[in-house]
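If you want the building blocks of each chain, they are given just below.
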Amino acid sequence: MNIEKKPVADTPFDQIGGEPKVQALVERFYDLMDREPGYRAVRAAHGNVLDDARQRLFWFLCGWLGGPQHYAERFGHPRLRRRHLPFKIGTLERDQWLACMDQAMGETGVPDALRSQLREAFFKTADLMLNPHD
């Protein structure tokens, strides 16, 4: 008897569906940020044009989720805290970023278990970026 086993998705990158799904997530995330009034504060922190932010987040998320290290290959270690120091990031901006990403995950079909896992991981990372510039 020959039973074929379905490959197991080992990393969140695999579970989410690879580069096409990460790209869809990033596009939806920035589209929501750009259009929804509830994300106004976090949108204001991104400047006038989102093209560079879209590309960099895609590269970063691929590696952060366990896939290709596009960001690190181009820029080295992400050093997220240091790279975000010039920006005002208070709890409002953090919470809007997280809500926007959660909405994007829901709208792009990220599986519930993975979405929950990522929601927690995103919070831990976003919380480290707090830099209110008071």
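Data block above holds the structure.
Note that the coordinates shown come from a computational prediction; the quantities given were computed from them, not determined experimentally.

J.: Could you give an account of the nonpolar core, with specific residues and numbers?
T.: Core analysis: the largest hydrophobic core is formed by 32 residues, its most contacted members being Val22, Phe29, Leu61 and Met101. Elements represented by at least two residues in this core include exactly α1 (12–16), α2 (18–35), α4 (51–64), α7 (91–107) and α8 (112–128). Filtering out sequence-adjacent residues up to four positions away, Leu61 remains in contact with Val22, Leu25, Val26, Met101 and Phe122.

J.: Outline the packing of α7 against α8, supporting the account with residue identities and numerical values.
T.: The angle between the axes and the distance between the axes are what describe a pair of packed helices. Interaxial distance between α7 and α8 falls to 10 Å at its minimum, and their mutual angle equals 160°. In terms of orientation, α7 lies roughly antiparallel with respect to α8. α8 is crossed by α7, and the crossing has right-handed handedness. On α8, the residues touching Arg94, Trp97, Leu98, Met101, Asp102, Met105 and Gly106 of α7 are Arg115, Leu118, Arg119, Phe122, Phe123, Ala126 and Asp127. For the contact of α7 with α8, the per-class residue count stands at eight nonpolar, one polar and five charged.

J.: For the pattern of salt bridges, give the residues involved together with the corresponding values.
T.: Evaluated as defined, the whole model comprises twelve salt bridges. With its nearest N and O atoms 3.9 Å apart, the salt bridge here joins Asp31 to Arg35. Of this pair, Asp31 and Arg35 both sit in helix α2, four residues apart, roughly one helical turn. Linking Asp34 and Arg43 is a salt bridge whose minimum nitrogen-to-oxygen distance equals 2.8 Å. Among the residues examined, Asp34 registers a relative accessible area of 44% and is labelled partly exposed.

Conventions adopted
Residues numbered from 1 in each chain as written. Predicted model: local features only at pLDDT ≥ 70, side-chain atom pairs only at ≥ 80, totals over all residues. Heavy atoms only, no water. Core = buried A, V, L, I, M, F, W, Y, C linked by side-chain atoms within 4.5 Å. Buried < 20%, exposed > 50% of the residue type's maximum accessible area, 1.4 Å probe, protein only. Helix = DSSP H or I, 4+ residues; strand = E, 2+ residues; numbered from the N terminus. Contact = heavy atoms within 4.5 Å. Axes fitted to C-alpha atoms, helices over the stretch in contact; angles between N-to-C directions. Parallel < 35°, antiparallel > 145°, perpendicular 65-115°, else oblique. Left-handed = near helix turned anticlockwise from the far one by under 90°. Nonpolar A, V, L, I, M, F, W, Y, C, P; charged D, E, K, R; others polar. Salt bridge = Lys/Arg side-chain N within 4 Å of Asp/Glu carboxyl O.

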